[in-house]
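The primary structure of each chain is shown beneath.
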Amino acid sequence: MTITEISDLITDKLGRQDTQSTTICKSFLKRRYKMIWDSTLWLESLGVCEESVSSGTPEVTISSDPSVFYSPKATTVASTAPRVELPVAIRFEKTGESSGIEITPSNWWSHFQIDPQKLINDSDSQGTPENFIHIAKSATGYSRIKLVPSPDTAGTVMVMGKLAWAEPEDSDSPIIHGIDNILLAYGEGDMLERGRKYAKAQVKFQEAGALLSAAREAQRNQFASETVIIPVAFENSRTILDF
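Residues numbered from 1 in each chain as written. Predicted model: local features only at pLDDT ≥ 70, side-chain atom pairs only at ≥ 80, totals over all residues. Heavy atoms only, no water.

Chemist: An account of the overall build of the protein chain is requested, with residue identities and associated values reported.
Modeler: Looking only at helices and strands, the protein chain has five helices and seven strands in total. Over its C-alpha atoms the protein chain spans a radius of gyration of 23 Å, topping by over 25% the 18 Å that the globule rule assigns to 243 residues. Taken along its principal axes, the extent of the C-alpha atoms in the protein chain is 70 × 60 × 30 Å. Per-residue burial for the protein chain yields a buried fraction of 37% across its 243 residues. For the protein chain, the accessible surface area stands at approximately 14100 Å², while carbon and sulfur atoms represent 52% of it. Averaging the coordinates of the 24 positive side-chain charges in the protein chain and doing the same for the 32 negative ones gives two points 9 Å apart. (Helix = DSSP H or I, 4+ residues; strand = E, 2+ residues; numbered from the N terminus. Rg over C-alpha atoms; globule rule 2.2 N^0.38 Å. Buried < 20%, exposed > 50% of the residue type's maximum accessible area, 1.4 Å probe, protein only. Areas by Shrake-Rupley, 256 points an atom, 1.4 Å probe, with all protein chains shown as cover. Lys, Arg positive; Asp, Glu negative; His and termini not counted. Charge placed at Lys NZ, Arg CZ, Asp CG, Glu CD.)

Chemist: With reference to specific residues and values, describe the pairing of strand 7 (residues 155-163).
Modeler: With eight bridges joining them, strand 1 (residues 46-53) and strand 7 adopt antiparallel strand pairing. Counted as the bridge partner of Gly47 is Gly161 from strand 7. Two strands pair when backbone bridges link them, and strand 3 (residues 84-94) and strand 7 are joined in this way by nine bridges, in the antiparallel orientation. Bridging from a neighbouring strand, Glu93 pairs with Thr156 of strand 7. (Pairing = 2+ DSSP bridges.)

Chemist: Please set out the environment of Glu169 residue by residue, giving values where relevant.
Modeler: Structurally, Glu169 is set in the loop between strand 7 and helix 4 (180-194). With relative accessibility at 41%, the residue Glu169 sits in the partly exposed group. As for Glu169 and Pro72, which are separated by 97 residues in sequence, their C-alpha atoms are 8.3 Å apart. Once residues lying within four places of it in the same chain are set aside, the contact partners of Glu169 are Ile3, Lys30 and Lys73. (Contact = heavy atoms within 4.5 Å.)

Chemist: I'd like to hear about the nonpolar core, residue by residue, with values.
Modeler: Formed by 40 residues in total, the largest nonpolar core has its most connected members in Ile36, Leu147 and Val157. If you tally residues by element for this core, the top one is helix 4, at seven residues. (Core = buried A, V, L, I, M, F, W, Y, C linked by side-chain atoms within 4.5 Å.)

Chemist: Can you tell me about the sheet that holds strand 3, naming the residues and giving the values?
Modeler: Spatially, 1-7-3-4-5-6-2 is the arrangement adopted by the seven strands of the open sheet, whose pairing is mixed. Looking along the sheet, the strands with just one partner apiece sit at the ends: strand 1 and strand 2 (59-62). Across the sheet, the mean angle separating the axes of adjacent strands is 35° when strand polarity is ignored. (Axes fitted to C-alpha atoms, helices over the stretch in contact; angles between N-to-C directions.)

Chemist: Outline the side chain of Thr22, supporting the account with residue identities and numerical values.
Modeler: Mapped onto the secondary structure, Thr22 falls in helix 2 (residues 19-39). The residues contacting Thr22, other than those within four sequence positions of it, are Ser7, Thr11 and Gln17.

Chemist: Quick rundown of a nonpolar patch on the surface? Include the residues and the values.
Modeler: On the surface, Trp108, Trp109 and Phe112 cluster together to form a nonpolar patch covering roughly 400 Å² of accessible area. Its place among the elements puts Trp108 in helix 3 (residues 108-114). (Patch = residues over 30% accessible without salt bridge, like charges linked within 9 Å, V, L, I, M, F, W, Y side chains within 5 Å. Salt bridge = Lys/Arg side-chain N within 4 Å of Asp/Glu carboxyl O.)

Chemist: Summarise the pattern of salt bridges; cite the residues concerned and give the values.
Modeler: Summed over the entire model, instances satisfying the criterion amount to 14 salt bridges. Here Asp170 makes a salt bridge to Lys26, at a shortest N to O gap of 3.5 Å. Here the residue Asp170 occupies a position in the loop between strand 7 and helix 4, and Lys26 occupies one in helix 2, the gap between them amounting to 144 residues. Residue classification places Asp170 among the partly exposed residues on the basis of a relative accessible area of 28%.

Pasting the structure below:
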């Protein structure tokens, strides 16, 4: 369903088909769509791009056209597609080599505690990147990462990450599977709240929350995924030394 179709269902149900109510309803729906987009790492929100890396340059700005991306508008192409906003997984490939290695996300604190020397960009500390750290966005709003240690050779990073949300046109449909009913419930709740019918609005918000939880669960269960078993050591649990 398009934003307009969802809006029409809500305004028809509430008997508020005037132009102002229709415009406000569409605004509510787009705001709620962004809230849903930001709430979860939806499969439809992921994209892939590549960035060149120079030797001795640990900071990388993620600004290239994505090779895999969603289309928020019917006219979207790679050059106008949303950029990677939140890097999730990265591979580093040295120039001249055909296979790369995965580098894992990390944080400043871990390196300060274990080996702060890796954060220093000099010839003694440079090497093949093993981790990446999220750093502040560029002045133009692009995501940036810091490779740790700083690369000692040029290469390419392949970045898979969550793409930035782009506001759809009224004639566009949300690209996330199964959120039409969520938007209907949130939109109706917002319109009821606008009419100061707070109790009824709260009921719709609760309905929307339940539908959103179900949609997240569907992402885990209905799409192809890899199940990983991770053993957990509980406090005061027995060990081989107890026997």
